[in-house]
Every structure is written in C-alpha cells, then in structure tokens.
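Here are the chains, one letter per residue:
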Amino acid sequence: MQLVIVESPAKAKTIEKYLGSDYRVLASYGHVRDLPPKDGSVDPEAGFAMDWENYADKAKQLRAITDEAKKADRLILATDPDREGEAISWHVQEVLRGRKALPKQVERVTFNAITKATVTEAMKHPRQLDEDLIDAYRARRALDYLVGFTLSPVLWRKLPGAKSAGRVQSVALRLIVDREREIEAFVAREYWSVAATLEQDGTPFTARLVKWNGEKLDRLSIGKKGDALKAKADVENGRFTVQSVETKPATRNPPPPFTTSTLQQEAARKLGFSASHTMRIAQALYEDGAITYMRTDGVQMDGSAISAARKAITERYAANYVPDKPRQYQTKAKNAQEAHEAIRPTDFAKDRAGSGDHARLYDLIWKRAMASQMASAQMERTTVELTDGTGRHALRATGQVVLFPGYLALYEEGQDDTQDEESRRLPRLRDGDVPAKRDVMAEQHFTQPPPRFSEASLVKKLEELGIGRPSTYASIIQVLKDRDYVRVEKNRFFAEESGRLVTAFLERFFERYVSYDFTAGLEDELDEISGGRAQWQAVLEAFWRDFKPRTAEVMEFKPSEVTQQLDEFLAPYLFPQQADGGDPRLCPNCGKGQLSLRGGRFGAFIACSNYPECKYTRRFAQAGAEGGADTGPESLGKDPETGLEVERKAGRFGPYIQLGEGKDAKRASIPKDVELDLDWALKLLSLPREIGAHPETGKPITASIGRYGPYLAHDGKYARLQSTAEVFETGMNAAVVKLAEAAANGGRPARGTSREPLKVLGKHPRTEAEIKLMDGRYGAYVTDGTTNATLPKSVDKDQLTLEEAAQLIDARAAAAPAKGKRGAKKAPAKKAAAKKAPAKKKAAATN
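Residues numbered from 1 in each chain as written. Predicted model: local features only at pLDDT ≥ 70, side-chain atom pairs only at ≥ 80, totals over all residues. Heavy atoms only, no water.

Caption draft 1: Layout of the overall build of the protein. Summing up its helical and strand segments, the protein has 24 helices and 32 strands in all. For the protein, the proportion of its 847 residues judged to be buried stands at 46%. Considering only contacts in the protein between residues 6 or more positions apart, those separated by 24 or more positions represent 65%. For the protein, the exposed surface amounts to about 43,300 Å²; the carbon and sulfur share of it is 48%. (Helix = DSSP H or I, 4+ residues; strand = E, 2+ residues; numbered from the N terminus. Buried < 20%, exposed > 50% of the residue type's maximum accessible area, 1.4 Å probe, protein only. Contact = heavy atoms within 4.5 Å. Areas by Shrake-Rupley, 256 points an atom, 1.4 Å probe, with all protein chains shown as cover.)

Put into structure tokens, the structure is as follows:
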C-alpha cells in the first residue's frame with residue numbers, strides 16, 4: 001500500500017479516485033505543527049534550534065496518518081508545490097520519524113493542477129524533499145518568531161496599548177502611515193484650464209489651450225482666475241486654423257497570465273475582493289481542478305496549455321486574433337525554484353466554473369490567460385495642432401481609434417488611481433481647415449494629494465519594493481485590520497491613531513528594521529537560501545547580532561523617556577504650526593500650561609502640564625481632529641437627591657458622565673444605544689441595579705454594564721443582555737431564565753431558543769442539511785444543526801458562500817474527536833485536574 005499526503009480533504013478524495021485501490025490518500029489539513037507561542041521556541045545560542053509543537057486540533061489526523069504510515073510500503077508527500085508545501089511535507093515526515101512510523105521509501109511529488117492527467121503524470125516523476133526550500137522556510141519562520149517575540153514585549157512595556165509588531169507587517173503599516181503623512185503635508189495648488197469645443201463636418205471635438213502669448217503651457221501655468229479669463233477671451237476672439245495633423249500607429253500587447261500578486265490586484269480593482277477573499281476563492285477553484293496552483297511568481301504557461309489556449313481563441317474568433325507565434329513571457333521572480341507556472345484554467349474549452357464569487361474569479365482568470373495568447377491591439381493615435389492668425393495662441397486635440405481590437409475584444413487590464421481621458425474619435429481634419437467654434441471654457445482645478453492605498457495598490461507597492469512575498473500579502477493585510485492599526489473606508493486604507501503611534505515608535509527606536517531597503521534585502525537573502533546560495537543559520541546570525549542588542553538597549557529606557565522622545569518625534573503631527581503664529585502647545589483650557597504626549601495604562605494621550613489644576617486632555621490625534629479634545633464639561637442638570645451637578649465629559653477613553661468631584665465622584669461610560677439626558681444619566685450612575693434575591697440560592701441578582709456590554713450577575717456567574725434598556729427592565733423571572741440558559745450553554749443562548757440566524761445559506765451540497773450563519777459568543781459561525789464551525793478571522797461573513805460554509809463544516813466535523821472518546825477524556829480531567837494538567841501539557845510539548 002502507498003500512502004499519499006496532501007493538504008485538504010477535498011484534494012484527498014479527488015486524488016484517491018484518480019490513483020486507484022493501491023493508494024491511500026489522507027489530508028494533513030494544512031500545517032501539522034508550528035513553533036509554540038512562548039519564549040525559547042527558537043534558541044539562537046544553540047544554532048537557532050527550533051522546538052516544534054504539534055497542533056492540538058491535528059491530533060486525530062496525525063494519528064490516522066501514523067496508523068496508515070505503519071502499514072505503508074511507500075510514503076508520497078504531495079503537498080502544494082511551493083515553500084509552504086515543502087515545509088508541510090517536511091513536518092509530516094519528521095512527525096512520523098519521531099513516532100517510528102516512517103516508511104523506508106519516502107518521496108516528494110508536486111503538481112500544479114488537480115486533474116487526472118496532471119496527477120498521474122506527476123506520480124511518475126518523484127523526487128526527494130528540497131532541503132534548500134526547507135531551510136528557507138525555517139529561516140523565515142525563525143525570523144518572524146524572533147522579531148515578534150523580541151519586539152512585541154518591548155512594545156507592550158514601553159508603549160501601553162500597542163498590540164504587536166511583525167517583520168513584514170510593521171513595514172506594510174509604515175507604507176500606509178507614510179502615505180497618510182504625505183496627504184497631510186500636501187498643499188493644494190490652484191490652476192486653470194482653457195479648452196474650446198470645435199466642430200468639423202457636424203462632429204464636435206475638444207481642443208485645449210497649449211500655447212498662450214507665445215509661451216507653451218503646462219498643467220499649472222495658469223494659476224489665477226484673471227489670467228484664465230484673459231486666455232479664454234483670446235481664444236474666443238481668435239480664428240484657429242489646423243496647422244498640422246499627425247497620425248501615428250500604436251500597438252498594445254496583452255498582459256501575461258496572472259501571478260498571485262496580479263490576481264489579487266485585478267480582483268480588487270474589478271471585483272472588489274479583498275486579498276484574503278481572492279485567495280480563498282482561488283484555493284477552492286484549484287481544489288476543484290478548475291485552475292492551476294494559485295501561489296506563484298511565474299508568468300509562463302506550459303506548452304500544452306498555450307496550444308489549448310490558441311485553439312480556444314481560434315474557435316471563438318477569426319484567425320487573425322491568434323498571433324503567428326505563441327507568446328512567451330519571462331518571470332521577474334528572483335528565485336527560479338518558486339517561479340511556477342502562471343495561474344490559468346486547466347481546461348481552456350471551459351469558460352465557466354462554479355457560481356457566485358467563484359464564477360466571477362474564474363471568469364477573470366480564464367479571460368486573462370486567453371488574452372495573453374491573443375493578437376496585439378492595433379491603434380491609431382492622432383494629434384491636431386491649431387493656431388490663430390497671430391501664431392501666439394495654439395490649441396491641441398488628441399484622439400485614438402482602435403483599428404483592430406485584438407486581445408481587447410476579450411479583456412482589458414484595470415488600472416490603479418488613474419483617470420485616463422476616454423479615447424476620443426476626431427473628425428477627419430486637414431491642414432488649413434478652420435473648424436467652427438461652439439464654446440470656450442475656463443475651468444478651475446486644484447492639485448490632488450496622492451491617493452490612499454487600496455488593497456490592489458498596496459499589494460503592488462509591496463511587490464515593487466520587494467517586501468514580503470505575494471503568497472503572504474493577504475495574511476499581512478488581515479493582521480493590520482485585526483490589530484485595528486488600519487481601517488478600510490470605500491476600499492481605501494486609513495491609518496488609525498494606534499497604527500501611527502506604533503509606526504512612530506518603531507521609526508524612532510528601530511528605524512533600520514522598518515526601513516524598506518533593509519526588509520527587501522532580507523527577502524533577497526531568504527531567496528538566496530532557497531536557491532542554495534546562502535546558509536540559513538548564517539543569515540539568522542547576522543540579523544540577530546544587531547537586533548538583539550538594540551531591543552535590550554530600548555528595554556532599558558524608562559516609559560517616560562520613550563514618551564518624551566515620541567513627543568519630540570511626533571511634534572509636527574500632534575502640534576502643527578498655527579495659522580496665526582501662536583504656540584501650538586498652549587493649553588486651550590487654562591491658557592498657561594503646555595500640551596505634551598503622555599503615556600497611560602490604556603495608551604497614549606495629550607494632556608496639560610498644569611495637571612491636576614488643569615485637567616484638559618485629548619486623545620492621541622492631531623490637534624483639531626474630530627472628537628479629539630475635551631472641550632469642557634456639559635451640565636445635564638442636578639441630582640434631586642444630592643443636589644450635585646451631573647456633567648457630561650469627554651476623556652481620552654471616550655465620553656462619560658460624572659456626579660460630584662474628587663475622590664467621591666461617581667462616573668459612568670455612555671453606551672452607544674442611549675440618547676443621553678438627565679434621567680438616563682442618573683440611571684447609569686445608579687448601577688449596578690439589584691433585581692432581587694435568587695429564589696434557589698437567596699443570593700442577589702444584579703444587572704449592570706461592563707467592558708463587554710450589559711450583563712446579569714449572580715454568585716460569580718454571568719449572562720449577557722442585548723441592550724442597555726434590558727439592564728433596567730429585566731425582572732426576576734426573566735433574569736433566572738437567562739442565568740440558567742447561560743450556565744447551561746457557556747454564556748450563549750440555549751439551543752432551541754428563538755435566536756434568529758444572520759443568514760440562511762441553503763442546503764449542504766453533500767448532506768442536504770440546512771446551513772445557517774449565526775452570531776456566537778466568539779464571533780460568527782456556521783452550523784448545519786449538528787456541527788458548528790467558527791468563521792476564521794480572514795473570512796468576511798457578508799461574502800460567505802454556501803460552498804465555503806459547507807467546507808468549513810466538513811473540515812470541523814473531520815477534525816472533531818468522536819463523542820465517546822471526548823466523554824472518556826473529560827472524566828479523568830475532572831477527578832484531578834490540578835495534578836494532571838501539567839503532566840498533559842508536558843507530554844504534548846514533547847510529542
């Protein structure tokens with residue numbers, strides 16, 4: 001028996017069907033082990049030795065693989081054909097070696113498409129594991145671990161409120177922050193354009209003023225309204241004659257088939273997909289056998305695929321749409337080992353695959369790959385110059401005509417942040433013609449700041465700089481969103497204040513390690529390892545030799561010293577120069593103190609130096625930012641019982657209400673679902689509210705609002721409430737029921753309650769069970785009534801498809817232990833949990 005290991009269960013079923021009865025195909029469900037998130041997982045003092053730990057949720061799958069490996073004569077590692085796939089194969093091999101279950105014959109097989117012909121052909125050409133790729137994986141994983149576990153603790157201790165830093169993540173964040181700075185520093189310039197609407201033989205066209213008073217004009221030459229009106233008058237009064245007509249042929253060649261990066265960019269432009277969503281859909285298309293492997297730097301296609309594409313073009317278009325010779329594209333990837341075939345359909349005769357987002361992405365891939373083998377588009381570009389009788393003023397009209405569309409008949413590549421004028425067709429004009437003048441316009445414009453990054457333009461920039469690798473961009477961007485370092489509005493990235501603060505800290509204290517050149521250089525060194533031209537431990541040693549002392553040096557700084565240096569570094573942003581020349585640090589509240597950056601338990605904020613006499617604060621943000629400043633208390637009225645003033649205030653953690661002053665003052669946050677007035681303020685200040693004694697225990701039940709929202713409490717147990725109003729309206733009977741439900745179901749509403757699903761996705765394509773999207777305690781999840789599967793953070797619940805939900809449920813069901821075994825494991829843990837827990841943990845670590 002021959003055992004084949006692939007990554008996903010969908011691939012396993014398909015491939016086992018292709019290979020026949022002598023083969024057993026099992027899925028690893030991705031990586032089976034990783035560096036445990038604790039100190040010491042990488043030991044620089046021992047040659048960067050790594051302490052790998054099996055994933056707890058892969059125990060069942062590893063047991064199944066081990067059991068089959070013991071019976072197998074041959075182990076075939078057939079994971080994905082990239083560095084991560086090579087690493088997964090290596091991990092599986094090492095786990096089996098440690099369990100003394102490794103067959104004598106171990107081979108590696110790769111294929112870039114899941115079709116019967118491709119898989120069976122690949123099985124005829126096995127090889128050994130690529131040690132260079134594995135070394136490059138180990139170097140990258142160790143680098144990311146060492147940066148994260150060395151730098152993040154520095155952040156936590158010296159910059160309260162910061163969440164994490166990463167080797168590539170922090171540089172991607174810097175790109176977004178740098179763009180924000182460019183936008184803030186941008187000063188708009190006014191300029192004017194003058195254009196005439198002319199007509200020849202009944203066809204109107206537009207010509208713009210390019211020469212005035214004998215001087216050539218560029219875009220910013222006319223900067224004032226007065227000059228623009230004078231120029232307009234000169235055009236209106238002039239008689240313009242065609243001086244020259246220049247026609248030039250032009251050719252546009254098709255772009256190459258998609259790589260990982262260009263697919264992410266184009267899917268973002270044309271389909272509005274995030275990078276992570278694009279990769280999930282592409283993964284499903286690959287596993288369905290519809291497209292080739294979707295993580296690639298290569299732009300070349302296999303010879304048989306080129307022939308198939310040319311045949312498909314011939315069947316759909318005239319013969320002149322196929323060039324005489326097949327088009328060959330060259331990859332720009334520095335590492336040939338990772339420059340696999342481009343992303344393309346496995347069958348060019350198939351112009352549709354899947355449904356919904358799957359169908360839309362497949363259509364994009366199919367058209368791009370087809371277009372790459374089509375004839376070039378033939379254009380004709382015409383430029384017409386017109387001058388007045390004095391020769392001092394000139395107009396220019398341009399137009400473009402598509403003589404032969406070629407590949408444009410099928411596909412045209414999208415563009416980022418450009419607003420090309422529409423191709424205009426000009427009437428036939430000859431030297432000496434005097435077109436009729438219909439109108440003259442003078443229009444005001446202002447120069448625009450550079451646009452904020454979209455996902456497409458950010459991915460493009462990262463690739464241009466050589467930072468990270470295309471296969472990692474989706475996860476990098478998702479981390480920035482999850483950490484709340486950035487937000488996305490109208491498909492554009494905005495740097496949050498927390499992201500700006502972290503970036504400032506890293507630029508000030510770790511400038512080298514967030515520089516674009518250094519990070520790109522490190523990627524080149526990793527590629528050198530992949531190509532067998534560098535030794536992975538030597539690369540790590542060179543990095544660690546400088547990085548470790550720098551982190552130790554920064555750790556010696558007092559938090560106040562860090563804050564002071566950041567105050568100086570960020571002064572142009574936090575305290576910009578005033579238009580009236582006044583002191584930008586002068587406290588607007590007391591008019592005497594100086595504003596400066598301060599560090600608090602929950603992050604940085606701006607405060608007055610006259611504290612505690614002056615209590616002015618504002619959140620960490622540029623002066624004048626919306627909602628930033630504490631503009632002083634707002635009186636809501638007086639408490640009828642104490643006669644004290646109830647005030648609404650804005651602090652660095654948001655708006656709150658306060659009753660009284662000093663140590664005895666009562667304070668309460670203002671919930672978002674409350675329209676605040678005196679009555680509501682008094683209610684909030686009165687919390688917690690005691691509902692009464694529980695009928696069974698006699699202990700009090702209280703309702704209040706905490707960090708995670710409104711809740712009920714009784715004897716150390718809690719139950720969530722849905723709104724602030726319920727805190728004051730819930731009675732004894734309802735409270736007892738809610739507490740009982742929460743106790744029975746871990747704080748969630750009990751099964752069988754009337755909780756509505758967020759969406760009914762449809763019937764499971766394999767089991768026919770109805771799949772629902774639900775909102776749970778730990779986020780959204782899908783359920784078929786038997787199995788619940790939590791949505792990964794990278795999955796957008798609003799774009800979740802039925803097939804994706806079904807795959808999540810299938811994977812969760814396959815990974816879950818049998819019910820009988822689960823019950824057997826729980827019993828001993830309850831008897832002596834305190835004694836046995838450490839032993840279990842130790843055993844898991846050594847596995």
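Still more ground to cover, so stick around.
Caption draft 2: Here's a closer look at the pattern of salt bridges. Throughout the structure, instances matching the rule amount to 42 salt bridges. With its nearest N and O atoms 3.5 Å apart, the salt bridge here joins Arg-24 to Glu-16. Where Glu-489 meets Arg-487, a salt bridge forms, and the shortest distance between an N and an O atom there is 2.6 Å. Through salt bridges with shared partners, one network takes in Glu-16, Arg-24, Glu-68 and Lys-71. (Salt bridge = Lys/Arg side-chain N within 4 Å of Asp/Glu carboxyl O.)

Caption draft 3: Looking closely at the environment of Gly-698. Topologically, Gly-698 is positioned in the loop between β25 (689–693) and β26 (700–706). According to the relative accessible area criterion, Gly-698 is partly exposed, its value standing at 48%. Sequence spacing of Gly-698 and Asp-715 is 17 residues, and the spatial spacing of their C-alpha atoms is 9.9 Å.

Caption draft 4: A look at the pairing of strand β7 (residues 74–77). Burial of β7 is two-sided: the residues Arg-74 and Ile-76 facing one way and the residues Leu-75 and Leu-77 facing the other way are all buried. Where strand β1 (residues 2–6) and β7 come together, 4 bridges link them in parallel fashion. In the strand pairing of β7, Gln-2 is matched with Arg-74. Looking at chain direction, β7 and strand β8 (residues 105–108) are connected through 4 bridges and run parallel. Along β8, the bridge assignment pairs Arg-74 with Gln-105. Each parallel crossover has a hand, and for β7 linked through helix α3 (residues 83–98) to β8 it is right-handed. (Pairing = 2+ DSSP bridges. Right-handed = clockwise from strand over helix to strand, strands pointing away.)

Caption draft 5: Broad picture of the nonpolar core. Counting residues in hydrophobic clusters, the biggest one holds 155 residues, and the most contacted among them are Val-4, Phe-111, Ile-291, Leu-361, Phe-505, Phe-510 and Leu-566. Tallying contributions element by element places helix α5 (residues 131–158) first for this core, with 12 residues. Leaving out residues up to four positions away in the same chain, Leu-361 has contacts with Leu-263, Ala-267, Leu-271, Phe-273, Thr-278, Ile-281, Ala-282 and Leu-285. (Core = buried A, V, L, I, M, F, W, Y, C linked by side-chain atoms within 4.5 Å.)

Caption draft 6: Main features of empty space enclosed by the protein. Enumeration according to the criterion identifies 2 cavities of 30 Å³ or more in this entry. Val-147, Leu-151, Gly-166, Arg-167, Ser-170, Leu-506, Phe-510, Tyr-513, Val-514, Phe-518, Phe-543 and Phe-547 together form the lining of the largest cavity. When its residues are assigned to classes, the lining of the largest cavity shows 9 nonpolar, 2 polar and 1 charged. One number sums up the size of the second largest cavity: a volume of about 60 Å³. Taken together, 11 residues line the second largest cavity, and the ones lying closest to its centre are Leu-159, Thr-563, Leu-566, Gly-599 and Ala-604. (1 Å grid on protein atoms, 1.4 Å probe; cavity = no way out; pocket = protein on both sides within 12 Å on 5 of 7 lines; lining within 4 Å. Points joined across faces, edges and corners; volume = space filled by probe spheres on them. Nonpolar A, V, L, I, M, F, W, Y, C, P; charged D, E, K, R; others polar.)

Caption draft 7: Looking closely at the sheet that holds strand β29 (residues 759–763). In space, the 4 strands of this open sheet follow the order β29-β30-β31-β32, with antiparallel pairing throughout. The open sheet terminates on both sides in strands that have one partner only, identified here as β29 and β32 (788–790). Adjacent strand axes in the sheet meet at a mean angle of 25°, parallel and antiparallel pairs treated alike. Where strand β31 (residues 779–783) lies against β32, 3 bridges are found, and the strand directions are antiparallel. Paired with Tyr-781 across the strands is Thr-790, a residue of β32. (Axes fitted to C-alpha atoms, helices over the stretch in contact; angles between N-to-C directions.)

Caption draft 8: Up close: the confidence of the model for the protein. Averaged over all residues, the pLDDT of the protein equals 85, while 89% of them reach at least 70. At the level of individual helices and strands, the protein shows its lowest average pLDDT in helix α24 (residues 833–846), which scores 38, and its highest in β7, which scores 96. Across residues 418–422, where pLDDT falls below 50, the model places 1 contact with residues more than four positions away in sequence or in other chains. A low-confidence stretch, residues 818–847 stays under pLDDT 50, and its non-local contacts, those more than four residues away or across chains, total 11 contacts. (pLDDT = per-residue confidence, 0-100.)

Caption draft 9: Spotlight on helix α16 (residues 536–555). Between its terminal C-alpha atoms α16 stretches 28 Å, which fits the 28 Å expected from 20 residues at 1.5 Å a residue. If you look at α16, its biggest bend is around 30°, right at Trp-544. The complete set of buried residues in α16 reads Trp-536, Val-539, Leu-540, Phe-543, Trp-544, Phe-547, Arg-550, Thr-551 and Val-554. If you follow the buried residues of α16, they end up packed against β5 (49–50), α5, α14 (497–509) and α15 (516–530). (Expected span 1.5 Å × (residues − 1). Bend = angle between axes of the 7 residues up to and from the residue.)

Caption draft 10: Structural context of the packing of α3 against α5. Relative to each other, α3 and α5 sit at 95°, their axes nearing to 9 Å. Viewed along their axes, α3 and α5 adopt a mutual orientation that is roughly perpendicular. For the pair formed by α3 and α5, the contact residues are Arg-83, Glu-84, Glu-86, Ala-87, Trp-90 and His-91 on the first element and Leu-133, Ile-134, Ala-136, Tyr-137, Arg-138 and Arg-140 on the second. (Parallel < 35°, antiparallel > 145°, perpendicular 65-115°, else oblique.)

Caption draft 11: Inspection of the state of the cysteines at higher detail. The final tally for this structure, using the stated rule, is 0 disulfides. The thiol of Cys-590 is unpaired, and the distance to the nearest cysteine sulfur, on Cys-608, comes to 3.8 Å. (Disulfide = S-S within 2.5 Å.)

Caption draft 12: Looking closely at the environment of Leu-659. Tracing the backbone through its elements, the reader meets Leu-659 in strand β23 (residues 654–659). Taking the C-alpha atoms as reference points, Leu-659 and Ala-681, separated by 22 residues in sequence, lie 9.2 Å from one another. Among all residues touching Leu-659, those that are not within four sequence positions of it are Asp-639, Thr-642, Leu-644, Glu-645, Val-646, Ala-665, Lys-666 and Leu-685.

Caption draft 13: Inspection of unusual backbone geometry at higher detail. A cis amide bond links Leu-687 to the next residue, Pro-688, at an omega of 5°. Along the polypeptide, Pro-688 turns up in the loop between α19 (678–685) and β25. The phi dihedral of Phe-48 is positive, around 60°, even though this residue is not glycine. Along the polypeptide, Phe-48 turns up in the loop between β4 (42–43) and β5.

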